[in-house]
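The residues making up each chain are set out below.
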Amino acid sequence: MHPGGSNRAVTKPPPDDPPVGDVQAFLIDEDRLHTYDDLTKVNPVTPTTVLKCLQARYSVSVFYTHAGCTLVALNPFRPVPGLYSLDVMKEYHRAPQPQERKPHIFIVAEEAYRNVQGQLEPVNQSLVVSGESGAGKTWTSRCLMKYYATVAASPSVVKSQDAVERIEKRVLDSNPLMEAFGNACTLRNNNSSRFGKYIQLQLDRSHLLVGASVQTYLLEKTRVTCQPASERNFHIFYQMMKGATDEQRQEWKMPLDQRFIWLPNAGKPLDEDCFDETVEAMVHLGITAQKQGQIFKILAGILQLGNVNFSASADESQLCDLDHQSKDFVQRAAGLLCVPVEELHTCLRVRTLKAGKQSVHKPCSRSECSVRRDCLAKVIYAHLFEWLVTFINNSICADSSTWCNFIGLLDVYGFECFQINNLEQLCINYANEKLQQHFVAHYLQAQQEEYVSEGLEWSFVKYQDNQSCLDLIEGNPPSVFSLLNEECRLNRVSDAKTFRVRLEKELCANTNISWDKFSKEPHFTVAHYAGRVSYHIEGMMEKNKDPVPPELISLLQRSGNPLLSQVFADKDAENPGTRGLSQVVTVVSKFKNSLESLMKVLHTTTPHYTRCIKPNPDSKPLTFHKEEVIMQLEACGIVETIHISAAGFPIRISFSSFVQRYGLISESSAWKHAAQIHDLAAAHSELTRTAVEDIIREVLHHPHRPQTEARSSVVHCGRTKVFLTQNMLELLEDRRKKAMSRKAFSIQCCWRRHRLRRRRARSRAATLIQAGLRAWLVRRRVLRWHQAASAIQAAWRKWRALMDSLAERELDDAESLAEEETPVLTAVVRERGSVQLDSIPEPVSVHGWPMGLALAAAPSITVSLTATGFQKMMSVMAYLNLPSKRGTYKVETNQYKHGLASIRAQPRGSVKLHYQRSPLLYADMQPDVRGDGVTGFNQILLEKTL
């Protein structure tokens with residue numbers, strides 16, 4: 001939790017009486033007081049026992065405690081290591097039953113998140129963080145945003161990791177940026193929210209964070225020009241002063257030695273004065289460097305306006321004078337705001353009055369000039385803040401079609417009471433009254449009334465109802481707000497004393513308002529739920545009117561700063577007074593309307609309350625002041641809440657919703673018929689009630705359920721609803737998860753069996769198809785083989801027949817060769833080295849193929865060799881290997897033992913061998929002449945020819 005302080009004036013209550021009876025007996029064992037995680041276990045429940053338990057837990061550094069439906073958070077005013085770490089977030093998010101773990105703000109966050117997941121009506125959730133200023137509300141809201149950005153921004157199948165991180169970063173960066181422009185250091189709280197905000201974290205159907213939107217309420221813009229003693233202006237101004245570079249200071253015309261009247265306590269060091277973090281957040285949100293420069297120039301121009309002082313003129317008809325230094329400040333402000341310095345000078349000192357169609361210019365008095373200067377600064381800052389909120393929403397808000405549910409975080413200013421309280425404090429305390437009334441109406445009052453209407457035996461618990469105080473402030477006329485608005489619409493100068501008299505006359509019957517007749521300052525005192533606060537009337541009517549001179553708006557619309565002219569482009573520059581007094585929209589009217597819209601949202605959501613308590617008013621770590629704490633406990637109604645929570649049933653579900661959600665737990669068929677009934681009359685029928693009873697009976701009589709609690713203490717069936725305790729709800733959810741797990745297992749089994757059967761059927765079908773296809777392919781291949789074999793056989797038979805016929809004709813012609821004469825060699829052949837073989841009577845043995853066989857078959861043949869050289873001729877003669885042995889015929893070819901050689905025809909006449917070395921590797925090798933003779937078909941041929 002974050003250090004903070006209180007702005008409420010504390011009045012010490014009278015000392016408590018010494019505890020007696022049961023209270024004293026309970027407090028005897030003080031060593032065990034810190035072990036009570038839930039204050040509903042305290043017995044008896046009294047302010048004393050509750051205070052002692054909180055003090056004991058605070059002393060052992062335990063800062064969260066359950067108080068029934070509410071979480072009580074004590075501010076430690078110091079950093080606590082590991083209390084909000086990422087591991088702790090995951091631990092609570094993954095816990096089956098987070099309520100069983102130690103109390104923590106993450107339990108509230110997880111409960112709301114699981115309600116969205118479970119779609120329990122109403123599905124949308126609201127986390128209301130309340131407490132006095134400085135109790136730690138802003139820090140608690142930060143932790144809640146960080147928790148949801150962590151657990152609800154997991155990457156999904158559809159979205160990329162970069163997109164998820166961008167959404168998470170922008171949602172988180174919107175917080176420090178709005179704190180810089182909307183928070184300030186007050187008396188005892190260094191980071192007090194000076195505006196209210198309701199942040200909607202938008203979730204899609206998968207319950208993942210897809211965007212956010214921010215709605216703001218009543219910015220305390222008067223702080224820009226007026227800061228109470230020991231307090232500061234908004235953080236952003238000090239961040240600029242401390243974090244700007246020399247170049248930026250020169251651009252913003254803010255020398256290092258310059259002092260600004262509207263920046264008191266500038267030397268006070270704060271952790272919030274982090275300019276770089278603010279600029280980084282702007283970059284992540286998409287604010288360009290050019291737009292950042294325009295923003296900082298506007299802020300610097302506002303600071304320069306604060307140093308402008310006016311001196312009264314001796315003649316009322318003359319304009320107020322400015323000293324030399326103020327003229328320089330006006331010139332700097334005009335340059336930063338990009339407006340003509342002469343027009344700015346005139347607008348600050350001259351007001352324009354309209355008389356019919358004519359305009360009259362009238363010099364302003366010194367006080368009026370100061371008011372116009374302050375008005376100009378406030379209206380610029382307020383419109384800049386509105387533009388910033390709109391830009392943030394445009395940057396982080398998701399499209400309406402992408403999200404369906406939301407979790408709202410409400411962080412508003414706490415109850416305040418200063419030495420001087422005016423309209424701002426009245427609106428702030430009014431907002432806290434509305435929130436307290438929402439808590440009372442939603443939980444304390446409505447719950448007890450519902451118990452009685454549903455037939456539960458119940459004794460009412462008394463509680464503090466603040467409806468009379470709300471009637472005083474906002475009720476039907478007369479009320480404080482109605483009288484304020486009526487006074488502002490009157491065409492006259494408002495007078496504080498006259499308004500006080502009127503308040504006293506109109507509201508004297510209300511016991512919540514009083515007056516101090518001995519006070520010189522006009523005021524009225526309101527008895528709020530958290531204490532009495534006196535409000536000064538002086539200046540209240542002017543603040544409620546919030547008048548802006550039309551000439552100032554017209555001047556800003558013509559500004560050379562694009563951002564400044566943009567935010568004022570659609571503003572009506574016409575004087576509001578000319579539109580009719582009844583049409584003037586006052587500050588309290590706008591604030592009341594915006595607060596009413598917020599309450600409508602809260603009433604349509606499931607609220608979760610966190611009460612932040614500040615243990616001491618001085619922001620001292622681990623310091624517990626009983627008086628300070630007991631007043632806050634009584635003001636928040638914590639004791640009454642504990643009483644009702646301890647004796648009541650915080651969860652209420654209608655019969656129809658109960659049956660639809662938990663009907664699957666029961667094995668009976670009654671719930672199936674009841675779940676199909678949709679009309680209201682039938683939903684309350686006996687059938688639906690019987691189904692509800694069956695479900696509850698089956699859960700309570702489950703053998704694994706510990707029988708430690710009676711049925712009447714955990715569940716009750718009313719006339720139309722089922723009332724449950726948190727333990728019973730957790731038991732129902734656990735049984736529902738187990739039933740869903742069993743049914744999901746059955747569905748998975750059926751689905752897997754169906755898939756297996758379908759897969760097997762497909763496999764069999766595929767096998768049959770493959771077998772048929774393969775058989776067809778084999779048959780086609782075999783058929784092609786048969787066709788090819790038939791074709792080959794036919795071609796072979798045809799070729800064989802042709803060869804046989806050729807061989808037979810060649811053999812038939814062999815006899816005619818013997819009768820032919822040997823041809824005579826020519827002289828040319830003889831001269832070239834031809835060899836005449838006629839004189840050799842023996843057969844010639846010739847080695848070679850295919851001529852070897854042909855020559856061997858000739859009994860007498862003349863071989864003519866033609867060679868170009870002696871060596872070549874001799875090599876041919878050696879190759880012929882002449883003569884051979886008589887009577888021996890052996891012919892071997894190069895295809896020896898590898899096939900048959902045939903004689904196409906016997907040689908006729910002379911045979912000429914033209915010798916040329918063969919390129920083949922074994923062309924010169926002689927055939928093997930060893931052997932017993934001619935074999936094979938060659939032998940047959942030779943036998944026929946020889």
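**Section: the overall build of the chain**
Phase 1 of the analysis: Helices and strands together make up the secondary structure of the chain, namely 33 helices and 19 strands.
Phase 2 of the analysis: Sorting the 946 residues of the chain into buried and exposed places 48% on the buried side.
Phase 3 of the analysis: A separation of at least 24 residues holds for 72% of the contacts in the chain among residues at least 6 apart in sequence.
Phase 4 of the analysis: In the form shown here, the chain has an accessible surface area of approximately 48,200 Å², with 53% of it arising from carbon and sulfur atoms.

**Thoughts on the sheet that holds strand β15 (residues 651-654)**
Phase 1 of the analysis: The strand order β15-β17-β16 describes an open sheet built from 3 strands, whose pairing is antiparallel. Looking along the sheet, the strands with just one partner apiece sit at the ends: β15 and β16 (715-717). This sheet shows a mean twist of 20° between the axes of neighbouring strands, independent of strand direction.
Phase 2 of the analysis: Pairing between β16 and strand β17 (residues 721-724): 3 bridges, direction antiparallel. Considered in β17, the bridge of Cys717 is made with Val722.
Phase 3 of the analysis: The strands touched by helix α24 (residues 655-662) within the sheet are β15 and β17, with β15 carrying the most contacts at an inclination of about 90°.
Phase 4 of the analysis: Helix α27 (residues 686-700) rests against β16 and β17 of the sheet, and its axis sits at about 165° to β16.

**Some words on helix α5 (residues 137-151)**
Phase 1 of the analysis: With 15 residues, α5 extends 21 Å from end C-alpha to end C-alpha; this agrees with the ideal 21 Å at 1.5 Å per step.
Phase 2 of the analysis: When you tally the buried positions in α5, you get 11 out of 15 residues, the bulk of the element.
Phase 3 of the analysis: Taken residue by residue, α5 has Lys137, Thr138, Thr140, Ser141, Cys143, Leu144, Met145, Tyr147, Tyr148, Ala149 and Val151 as its buried positions.

**Structural notes on the side chain of Arg57**
Phase 1 of the analysis: One can find Arg57 in helix α2 (residues 47-59).
Phase 2 of the analysis: With relative accessibility at 1%, the residue Arg57 sits in the buried group.
Phase 3 of the analysis: Here the side chain of Arg57 touches Asp37 through a polar contact of 3.0 Å, side chain to side chain.
Phase 4 of the analysis: Setting aside residues no more than four positions away along its own chain, Arg57 makes contact with Leu33, His34, Thr35, Tyr36, Asp37, Val62, Tyr64, Thr65 and Pro103.

**Overview of the pairing of strand β2 (residues 70-74)**
Phase 1 of the analysis: Within β2, 5 of the 5 residues are buried, leaving the element largely enclosed by the surrounding structure.
Phase 2 of the analysis: Taking every second residue as pointing to the same face, both faces of β2 are buried, with Thr70, Val72 and Leu74 on one and Leu71 and Ala73 on the other.
Phase 3 of the analysis: Of the pairings in the sheet, the one linking strand β1 (residues 64-67) to β2 comprises 4 bridges and is antiparallel in character. Each bridged residue has a counterpart across the sheet, and for Thr65 the counterpart in β2 is Val72.
Phase 4 of the analysis: In this structure, β2 lies alongside strand β14 (residues 606-613), joined through 5 bridges in parallel fashion. Note that in β14 the partner of Ala73 across the bridge is Cys612.

**Here we look at a positive patch on the surface**
Phase 1 of the analysis: On the surface, Arg752, Arg755, Arg758, Arg759 and Arg762 cluster together to form a positively charged patch.
Phase 2 of the analysis: With respect to the secondary-structure elements, Arg759 resides in helix α29 (residues 726-812).
Phase 3 of the analysis: What makes Arg759 partly exposed here is its relative accessible area of 49%.

**With respect to the sheet that holds strand β13 (residues 531-536)**
Phase 1 of the analysis: Read across the open sheet, the 3 strands follow the order β11-β12-β13; overall the sheet is antiparallel. Where the open sheet ends on each side, the last strands, each with one partner, are β11 (513-514) and β13.
Phase 2 of the analysis: The pairing of β11 with strand β12 (residues 523-528) spans 2 bridges and is classified as antiparallel. From the neighbouring strand, Ser514 faces β12, where its bridge partner is Thr525.
Phase 3 of the analysis: Set on the sheet, helix α15 (residues 467-474) makes contact with β11 and β12; between it and β12 the angle comes to about 150°.

Thresholds, definitions, all that
Residues numbered from 1 in each chain as written. Predicted model: local features only at pLDDT ≥ 70, side-chain atom pairs only at ≥ 80, totals over all residues. Heavy atoms only, no water. Helix = DSSP H or I, 4+ residues; strand = E, 2+ residues; numbered from the N terminus. Buried < 20%, exposed > 50% of the residue type's maximum accessible area, 1.4 Å probe, protein only. Contact = heavy atoms within 4.5 Å. Areas by Shrake-Rupley, 256 points an atom, 1.4 Å probe, with all protein chains shown as cover. Pairing = 2+ DSSP bridges. Axes fitted to C-alpha atoms, helices over the stretch in contact; angles between N-to-C directions. Expected span 1.5 Å × (residues − 1). Polar contact = N/O pair within 3.5 Å; in protein donor to acceptor, adjacent residues only side chain to side chain. Patch = residues over 30% accessible without salt bridge, like charges linked within 9 Å, V, L, I, M, F, W, Y side chains within 5 Å. Salt bridge = Lys/Arg side-chain N within 4 Å of Asp/Glu carboxyl O. Lys, Arg positive; Asp, Glu negative; His and termini not counted. Charge placed at Lys NZ, Arg CZ, Asp CG, Glu CD.

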